[in-house]
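The chain contents come next:
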Amino acid sequence: MELPGCPAVPLPGLCASPHSGAATCPTEDLSMVTKSVAREQPIFTTRAHVFQIDPNTKKNWMPASKQAVTVSYFYDVTRNSYRIISVDGAKVIINSTITPNMTFTKTSQKFGQWADSRANTVFGLGFSSEQQLTKFAEKFQEVKEAAKIAKDKTQEKIETSSDHSQASSVNGTDDEKASHTGPANTHLKSENDKLKIALTQSAANVKKWEIELQTLRESNARLTTALQESAASVEQWKRQFSICRDENDRLRNKIDELEEQCSEINREKEKNTQLKRRIEELEAELREKETELKDLRKQSEIIPQLMSECEYVSEKLEAAERDNQNLEDKVRSLKTDIEESKYRQRHLKVELKSFLEVLDGKIDDLHDFRRGLSKLGTDN
C-alpha cells in the first residue's frame, strides 16, 4: 500500500459542522447500514487502505483502517442511487453517496481521494497496485455518470408531474373540479409548493457544484505542483543515499587495510620473537666462549712458572729442547687461539650491539603504530 505522494490537501466545499466543530465523518450504526445494503446490489468490489482528512489541520491524512479492507460500490434500485461502502469489523468507515458533482482525484500512482460534502470529510484510498487504482477511478467515473443520468430522469419526472398537475387543475371538468375541492386541493397545492422549492434548491445546488468544481480543479493543480516537488525531493534523497553508500564502501576498504596492517604487525611480532630466541642463543655461546677464555688465561698464567722452571733447569734445557720447542709451538697456538677468541668476541659484541639497535628501532616503530591505531579508534 502506498501512502499519498504529497501532504493531503482538503478539497474545497467542506467546512466544519456547526454542531460538532470539526469536519468528521459521522459514525453510523452497522445494523442500519446492513439493512440499507440488503436492498442494494454490489456492482464492484476491491481492497484498499482507507484514510480520512484530519479534521483539525485539514492537511494531513488519518488512517481509518489498520489494514486493507473491502471497499464496494452499491446500487440502490429503489432510490436509483449509488454508494461507496466499507466496513472494518463492526465499524462503518465509508458510507458515501455518489453525486454528479463529486470528483475522484489521483494524487500518486497508488493513492486517490474524493470529497463528500454530505459526510463533511475527504476520503482517501491507498491501493497495492496502480491497476487497482485505475479500475476504481474508472468505476467512479461510470457511477458518477449513471448518477447524473438518474438525477436528470428524476428531474424530468418531477417537471412532468408538475406540468400534469397544473394541466389537470386548469383543464378539468366542472365535476372533477367539484370532486377535487377541499382537502385534495390543499394537498396538491402543498405538493406543488414542495416541488417548486426542490427546483429552486436544485438550481442553487447546480451553481454551488459549478463553483466547487472550479475550486477542485485549482486544488488539483496545487496537488500536482506539490507532487512534482515531492518527486524532486525523492531524487535528492536518492543522491544522498548514493553518497552515503560510497562513503560506506570507502570505510569498509579502510577497515580492510587496517586489518591487513594488523596482520603485518603480528608477523613482525613473530619475527621479533625469533630474533629474541636467536639473541639468547648467541648470549649462551658468548658465555661459553668467556668460560673458555678464562681457562685459557689460567693456562697462560702457568707460562711464567714454566719459564722460571726452564731457567732453573737450563742445564736440562738442551736435553729437553725438543720438548721445549713443542711447548713453545703449543704456546704460540694458544696465543693465536686467544687472539682469535678476542677477535670473535669483539665481532660478536659489534653484531649484538647493531642487532639491539635494530630491535630498539622496531620496538619504537611498533609503539608509534600502536599509538596511531589507538588514535584512529578514538576518532572513529
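Above this text you will find the structure in question.
Conventions we followed
- Residues numbered from 1 in each chain as written.
- Predicted model: local features only at pLDDT ≥ 70, side-chain atom pairs only at ≥ 80, totals over all residues.
- Heavy atoms only, no water.
- Helix = DSSP H or I, 4+ residues; strand = E, 2+ residues; numbered from the N terminus.
- Buried < 20%, exposed > 50% of the residue type's maximum accessible area, 1.4 Å probe, protein only.
- Areas by Shrake-Rupley, 256 points an atom, 1.4 Å probe, with all protein chains shown as cover.
- Patch = residues over 30% accessible without salt bridge, like charges linked within 9 Å, V, L, I, M, F, W, Y side chains within 5 Å.
- Salt bridge = Lys/Arg side-chain N within 4 Å of Asp/Glu carboxyl O.
- Lys, Arg positive; Asp, Glu negative; His and termini not counted.
- Charge placed at Lys NZ, Arg CZ, Asp CG, Glu CD.
- 1 Å grid on protein atoms, 1.4 Å probe; cavity = no way out; pocket = protein on both sides within 12 Å on 5 of 7 lines; lining within 4 Å.
- Points joined across faces, edges and corners; volume = space filled by probe spheres on them.
- Nonpolar A, V, L, I, M, F, W, Y, C, P; charged D, E, K, R; others polar.
- Core = buried A, V, L, I, M, F, W, Y, C linked by side-chain atoms within 4.5 Å.
- Contact = heavy atoms within 4.5 Å.

Regarding its fold elements, the protein presents 5 helices and 8 strands. When the elements of the protein are put in sequence order from the N terminus, they spell out α-β-β-β-β-β-β-β-β-α-α-α-α. Across the 380 residues in the protein, those meeting the buried criterion constitute 25%. Approximately 26400 Å² of the protein is accessible, and the part contributed by carbon and sulfur atoms is 52%.

Attention now moves to a positive patch on the surface. The grouping of Lys294, Arg297, Lys298, Lys342 and Arg346 at the surface amounts to a positive patch. Among the elements of the structure, α4 (183-312) and α5 (321-379) are those that each provide at least two residues to the positive patch. Among the elements that take part in the positive patch, α4 stands out by supplying 3 residues, more than any other. Within the secondary structure, Lys294 sits in helix α4. When its relative accessible area of 56% is taken as the criterion, Lys294 is described as exposed.

Before going further, it helps to spend a moment on unusual backbone geometry. A positive phi angle, close to 60°, is found at Lys58, a residue other than glycine. Counting through the fold element by element, Lys58 comes out in the loop between β1 (40-53) and β2 (61-63).

On to empty space enclosed by the protein. In total, this model carries 1 cavity of 30 Å³ or more according to the counting rule given. Taken as a whole, the largest cavity holds about 70 Å³ of empty space. Taken together, Leu282, Glu283, Leu286, Leu348, Lys349 and Leu352 form the lining of the largest cavity. When residues of the lining of the largest cavity are traced back to their parent elements, those giving at least two are α4 and α5. Residues that form the lining of the largest cavity fall into these classes: 4 nonpolar, no polar and 2 charged.

Turning to the pattern of salt bridges, a few remarks are in order. Working definition: two side chains of opposite charge can pair if their charged atoms are close together. Enumeration over the complete set of coordinates arrives at 6 salt bridges. Where Arg250 meets Glu247, a salt bridge forms, and the shortest distance between an N and an O atom there is 2.5 Å. Here Arg250 and its partner Glu247 are both found in helix α4, 3 residues apart, which amounts to about one turn of the helix. Ionic pairing is found between Arg332 and Asp329, a salt bridge with its closest N-O pair at 2.0 Å.

So, about the nonpolar core. Within the largest apolar cluster, 26 residues are counted, with the highest numbers of intra-cluster contacts made by Ile84, Trp114, Leu125, Phe136 and Phe140. Looking at this core, the elements with two or more residues in it are β1, β3 (69-76), β4 (81-88), β5 (91-97), β8 (121-126) and α2 (130-171). With 6 residues, α2 is the single largest residue contributor to this core. If we ignore the near neighbours within four places in the chain, the residues touching Phe136 are Phe44, Thr46, Val71, Tyr73, Ile84, Phe104, Trp114, Leu125 and Phe127. Core analysis: the second largest hydrophobic core is formed by 6 residues, Phe51, Ile53, Phe111 and Val122 among them.

None of this, on its own, says anything about what the molecule does.
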